[in-house]
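Structural overview for review
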Amino acid sequence: MQQHTSISSERREVLARLATRILTLDHTHPVKIAIDGGSASGKTTLADELEQVLIPSGREIIRASIDGFHNPKQIRYQHGSTPFHYFRDSFDYSSLHSWLIEPFRKGGTRSYKTAVYDFRTESSVIQNPRIADRDAIVLIDGVFLLREGLYQSWDFKVYLDVSFSVMLDRAMERDKELFGGKGEVIKKYMTRYIPGQRSYIERHRPYERADVVIDNNDPSSPQMV
């Protein structure tokens with residue numbers, strides 16, 4: 001792994017422990033690693049860092065995100081901007097299963113795509129299917145990955161836990177350009193994303209379904225709990 005001074009020793013230790021767990025999984029077929037958590041919980045950052053830790057293993061690392069499998073806006077908001085429909089309508093799970101789950105099961109084709117739709121431009125993503133190595137590691141980050149009907153699909157499951165106040169603070173910086181200012185970020189998170197995430201936690205209990213839960217309120221000192 002390339003060492004970065006911005007990564008603390010505590011964070012490197014957590015990444016090393018995760019990598020060790022992943023590399024011991026049965027790799028007679030590609031293994032699918034889910035990194036779940038609320039918006040702005042640090043999922044993408046952790047997955048990207050974990051990729052760098054795993055590269056020296058010599059195995060193919062495939063990075064993907066649920067964000068590449070959004071539904072078009074007319075489907076996402078067909079029933080308005082409620083927390084329930086944020087959970088129900090945001091993602092194209094059929095395409096996710098077709099391109100990032102079924103191909104990697106034992107005996108699967110290993111023919112995959114990492115995205116089918118770009119929600120930022122509201123346009124389809126055109127990718128030619130690729131063939132994964134038999135022992136590839138597939139790192140997928142995103143919200144709601146441990147929901148009922150989906151959590152059984154993963155070979156290893158990580159859940160990042162952050163408080164809703166931390167989530168909002170991070171989102172105000174990260175998403176202010178996407179949503180058109182901090183005021184709009186607050187509105188979106190308080191009426192849609194945070195209530196939707198709270199409902200997901202209460203109904204689907206991702207803490208219990210994860211193999212590892214990480215307290216990521218302080219990214220410099222994440223705690224495996």
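Residues numbered from 1 in each chain as written. Predicted model: local features only at pLDDT ≥ 70, side-chain atom pairs only at ≥ 80, totals over all residues. Heavy atoms only, no water.

**Focus on unusual backbone geometry**
It is generally the case that most residues other than glycine have a negative phi and that most peptide bonds are trans. Of note in the backbone geometry, Glu122 takes a positive phi value of approximately 50° without being a glycine. Mapped onto the fold, Glu122 is located in the loop between strand E4 (117-118) and strand E5 (123-124). Given the relative accessible area of 29%, Glu122 is considered partly exposed. Residues other than glycine seldom take positive phi values, yet Phe144 does so here, at roughly 65°. For Phe144, a relative accessible area of 0% corresponds to the buried category. (Helix = DSSP H or I, 4+ residues; strand = E, 2+ residues; numbered from the N terminus. Buried < 20%, exposed > 50% of the residue type's maximum accessible area, 1.4 Å probe, protein only.)

**Focus: the pattern of salt bridges**
Overall, the coordinates contain 14 salt bridges when judged by the stated rule. One salt bridge connects Arg105 with Glu102, and the closest N-O pair in it is separated by 3.1 Å. By relative accessible area, which is 32% here, Arg105 ends up partly exposed. On the basis of relative accessible area, Glu102 is assigned to the partly exposed category, the value being 40%. Across the pair Asp175 and Arg174 runs a salt bridge whose closest N-O atoms are separated by 2.9 Å. Given a relative accessible area of 4%, Asp175 falls into the buried group. One salt-bridge network, held together by shared partners, links Asp48, Arg63 and Asp141. (Salt bridge = Lys/Arg side-chain N within 4 Å of Asp/Glu carboxyl O.)

**A few points about the packing of helix H6 (residues 164-174) against helix H8 (residues 182-204)**
The geometry of a pair of packed helices is captured by two quantities: the angle between their axes and the separation between those axes. Following both chains from N to C, one finds H6 and H8 inclined at 140°, their axes separated by 10 Å at the closest point. In terms of axis orientation, H6 runs oblique to H8. Note on packing geometry: the crossing formed by H6 with H8 is right-handed. Each of Phe164, Met167, Leu168, Ala171, Met172, Glu173 and Arg174 in H6 lies in contact with H8, whose residues at this interface are Lys182, Val185, Ile186, Tyr189, Met190, Ile194, Gln197, Arg198 and Ile201. When the residues that make up the contact of H6 with H8 are grouped by side-chain class, the tally is 11 nonpolar, one polar and four charged. (Axes fitted to C-alpha atoms, helices over the stretch in contact; angles between N-to-C directions. Parallel < 35°, antiparallel > 145°, perpendicular 65-115°, else oblique. Left-handed = near helix turned anticlockwise from the far one by under 90°. Contact = heavy atoms within 4.5 Å. Nonpolar A, V, L, I, M, F, W, Y, C, P; charged D, E, K, R; others polar.)

So yeah, pure geometry; function would need other evidence.
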